[in-house]
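# Summary of structural features
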Amino acid sequence: MTTAKVWFITGASRGLGRAFTEAALKSGDRVVAAARNTEPLAELVSAYPEQLVPLALDVADRRAVFDVVEQAVAAFGTLDIVINNAGGMLYGMVEEATEEQARAHLDVNFFGAVWVVQAVLPQLRAQGHGRILQVTSMGTAGGMAAVGFYGAGKAALASLTEALAMEVDPFGIKVTNLEMGGYDTDLFATGTTATEPAPQYEPLRARLAEMWGDEAGPAPSTAAPVITQLAEVSEPPRRLIIGSTSFDQVLELYAARAENYREWEELSRMAPG
């Protein structure tokens, strides 16, 4: 019989975080669900009063993160699986973003995850086990116009996570980058901050809109079974692409990159380093 686990999930009130929360609860596990606004979790609290503890949290506030993690440990006595899911979208060209927008975006999408990791590690290390799952993106394989800051934050988190995995493995803690594909998380609606559009980029915006189309992508719930199964793997991968279509696209991106490197190999090899 599988022992019930305790999950700590940020950004748990909607999208992927909500889907992961529901999947864990249905499997009989317990969840500390952290979100800026916990009101959307009221229905789940009523359905799972003994399994779910909602806690209000803005991950950009480092002190608040440490306080909430302390409350999470107090609630169930342990933490088994930590999912850094909280995040938002800064939509706009690199030139258009204000300093405030750029810093605020990275405070949540990058530093927010760092603060959670720093807060949970003493508990995971003391108990000698634990999982940290970082919600990054298939976009870490390469940048894309208009969502460059989102990709930059996720790429930075993915790189930091690989370092983290090496650092904490001796303590029995396993870490995985979840390279998410495009799911219908409502990110481009409630979770998006937009820059002030510069007219010089309107032709590019139009091409991007045509390329992306109106398809929202599959429901977040379709990704949840991957996460629950991953949680049972004793030696998980450090990177996992989530999504069949995304898997093919990421491999194509890396193949194109390798081809580009080979094309310029002669110039690269002119330097001895």
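Residues numbered from 1 in each chain as written. Predicted model: local features only at pLDDT ≥ 70, side-chain atom pairs only at ≥ 80, totals over all residues. Heavy atoms only, no water.

As recorded by an unreviewed UniProt entry, the protein chain carries the name SDR family NAD(P)-dependent oxidoreductase and is attributed to Nocardia vermiculata. Taken from UniProt, the Sequence similarities (unreviewed entry) comment for the protein chain reads in full: "Belongs to the short-chain dehydrogenases/reductases (SDR) family." (UniProt positions renumbered as here; feature names shortened; annotations may be inferred.)

When you go through the protein chain residue by residue, the secondary structure sums to nine helices and nine strands. Reported as C-alpha extents along the three principal axes, the dimensions of the protein chain are approximately 60 × 45 × 35 Å. By the burial criterion, 45% of the 273 residues in the protein chain qualify as buried. Within the protein chain, counting contacts between residues at least 6 apart in sequence, those at least 24 apart form 73% of the total. Looking at the protein chain as shown, the accessible area adds up to about 14,400 Å², and 54% of this sits on carbon and sulfur atoms. Looking at the protein chain, you have 20 positive and 34 negative side-chain charges, and the mean spots of the two groups are 6 Å apart. (Helix = DSSP H or I, 4+ residues; strand = E, 2+ residues; numbered from the N terminus. Buried < 20%, exposed > 50% of the residue type's maximum accessible area, 1.4 Å probe, protein only. Contact = heavy atoms within 4.5 Å. Areas by Shrake-Rupley, 256 points an atom, 1.4 Å probe, with all protein chains shown as cover. Lys, Arg positive; Asp, Glu negative; His and termini not counted. Charge placed at Lys NZ, Arg CZ, Asp CG, Glu CD.)

Glancing now at the pairing of strand S6 (residues 130-135). Burial analysis of S6 places six of its six residues in the buried class, which makes it a mostly covered element. Of the two faces of S6, the one lined by Gly130, Ile132 and Gln134 and the one lined by Arg131, Leu133 and Val135 are each fully buried. Alignment of strand S4 (residues 81-84) against S6, held across four bridges, turns out to be parallel. By the bridge assignment for S6, Ile83 is matched with Leu133. Two strands pair when backbone bridges link them, and S6 and strand S7 (residues 173-180) are joined in this way by six bridges, in the parallel orientation. From the neighbouring strand, Ile132 faces S7, where its bridge partner is Val175. Chirality of the crossover, the property in question, places the unit of S6, helix H5 (residues 148-168) and S7 among those that are right-handed. (Pairing = 2+ DSSP bridges. Right-handed = clockwise from strand over helix to strand, strands pointing away.)

It is worth spelling out the pattern of salt bridges at this point. The full count for this structure, using the stated rule, is 12 salt bridges. Note that Glu232 and Lys5 form a salt bridge whose closest N and O atoms lie 2.6 Å from each other. Placement of Glu232 in the loop between helix H7 (224-230) and strand S9 (239-242) and of Lys5 in the segment before strand S1 (6-10) is noted, with a sequence separation of 227 residues between them. Residue Glu232 is classed as partly exposed on the basis of its relative accessible area of 47%. Note that Arg103 is salt-bridged to Glu99, the shortest N-O span being 2.9 Å. Taken together, the residues Arg103 and Glu99, both in helix H4 (residues 99-127) and four residues apart, mark about one turn of the helix. Here the salt bridges do not stand alone but share partners, grouping Glu96, Glu202 and Arg205 into one network. (Salt bridge = Lys/Arg side-chain N within 4 Å of Asp/Glu carboxyl O.)

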